[in-house]
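# Notes for the structure review
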Amino acid sequence: MSNKNNNSLSLKAAAENCKKVLKNMNVRIAAVTVCTAALTAVFAAVSASGNEAPLEAHLTADSSTAVKIMMPEKEYDVKISVDGKTMGVKCSGTVNDALNTANVRVSDDDLINIGLREPLNENTEIIVNRVEIVEEVQVKTIEYATKYKEDDSHTVGYSEVIVDGEEGEVETTMRHVYIDGELISSDVVDEDITEPVDQVIVVGTKEYNPIDDFSISHLSAPLDLTLDAYGAPTEYSKVLTGKSCAYSARPGAGTASGRKAMVGYVAVDPSIIPYGTELYITTTDGSAVYGYAIAADTGTALLDGRILVDLFMESYEASCDWGAREVNIYIL
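None of the values given here were measured: they were computed from a predicted structure.

This paragraph deals with the packing of aromatic side chains. The tally for this structure, following the rule as stated, stands at two aromatic pairs. For the ring pair tyrosine 247 and phenylalanine 312, a centre distance of 5.3 Å and an interplane angle of 80 degrees mean the geometry is edge-to-face. Placement of tyrosine 247 in strand β13 (residues 238-247) and of phenylalanine 312 in strand β17 (residues 309-312) is noted, with a sequence separation of 65 residues between them. Here tyrosine 247 and phenylalanine 312 have matching classes, each one buried. Sitting over the ring of tyrosine 265, arginine 259 keeps its end group 5.7 Å from the ring centre. Above the ring of tryptophan 322, the side-chain terminus of arginine 325 is found at 4.7 Å from the ring centroid.

Okay, structure coming up:
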């Protein structure tokens, strides 16, 4: 018998021994475990045509050295739907392997219908939905309100802004989620509010008498004070006629009655016109109107009778312009 025939018989014997060993070791048929001696016999049989050496190795149950020979993994036809198109690839392994084979890259936000580590099979169909998350900052203006503060020290029609209004704003951060280009959800993730500052305006509430328009006095005339066609009050207790002069003083100066000096407070002889008396003063020729006044001060020229009234002016120049004039003093 030739060496080739001997090798064939040895290989057959090795295979039989292998089955016995596998049965004794309870090894699955899917994984063939053979000892080193059997592997030597296999290689010798494959190359028997050019090798005359007889097979001397035998597979025994007590063989101590073994190697595992794995069968090649089966490839599957896999369908992948992504980015609006469907493609097919043939590969083995896992879902992730199929995506890599198709050169499909996925992000952590993308949705996949099957886990990346899932093994492929004949029914595997992979669907990838692209997810895009966009954050947007929206700014909305909050209009400020206007508040009015009444002040009876000013006449009706007076107004002054004492606090400038400032607009507020609401800064909202929105998170939009798009799946394959379609907006799925919009949520508020942050909101920052700057409160507005209200505008404050002072308005006068004191009633206004038109007589004040042509009067030098800074005092507001009573609403019931009216004039006749000649510019004289329609109601008064008596009228005094005499010489008038004018004077001024530093800001904050006082008067004999204790009031602070201001245009409208006049100096008199208190024995003739008591302090606090309400007056209305015009020149006798009607060329000037001092207007509504109150007796509040006195002086030497008044007490010795050289003048009837001394009119307080806002400046030295204004008092010089008035000079000395004949006036009618209407006692109201």
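As summarised here, the arrangement of the six strands in space is β13-β17-β14-β16-β15-β18, forming a closed barrel in which the pairing is mixed. Each strand of the sheet is rotated relative to its neighbour by a mean of 45 degrees, with strand direction disregarded. Here strand β14 (residues 265-267) runs beside β17; their pairing, made up of two bridges, is antiparallel. Across the sheet, residue valine 266 finds its bridge partner in β17, namely leucine 311.

Conventions used here
Here the residue numbering is sequential within each chain, running from 1 through the sequence in written order. Predicted model: local features are reported for residues with pLDDT of at least 70 only, side-chain atom pairs are reported and counted for 80 or more only, and whole-chain, interface and lining totals are derived from all residues. In computing side-chain properties, one takes all heavy atoms of the structure into account and sets aside hydrogens as well as water. Planes of paired rings set the category: under 30 degrees apart is stacked, over 60 is edge-to-face and the rest tilted, where pairs are Phe, Tyr or Trp rings (Trp by its six-membered ring) whose centres lie within 6.5 Å. Strands here mean DSSP runs of E at least two residues long; helices mean DSSP runs of H or I at least four residues long; both are numbered from the N terminus. Burial classes follow relative accessibility: with a 1.4 Å probe on protein chains only, a residue under 20% of its type's maximum area counts as buried, one over 50% as exposed, and anything between as partly exposed. Whether a charge lies above a ring is judged from NZ of Lys or CZ of Arg, which has to be within 6 Å of the ring centre and within 35 degrees of the ring normal. Pairs of strands are assigned from DSSP output, requiring at least two bridges between the strands. Axis geometry follows a simple rule: fit a line to the C-alpha atoms, using only the stretch in contact for helices, then measure angles between N-to-C directions, giving values from 0 to 180 degrees.

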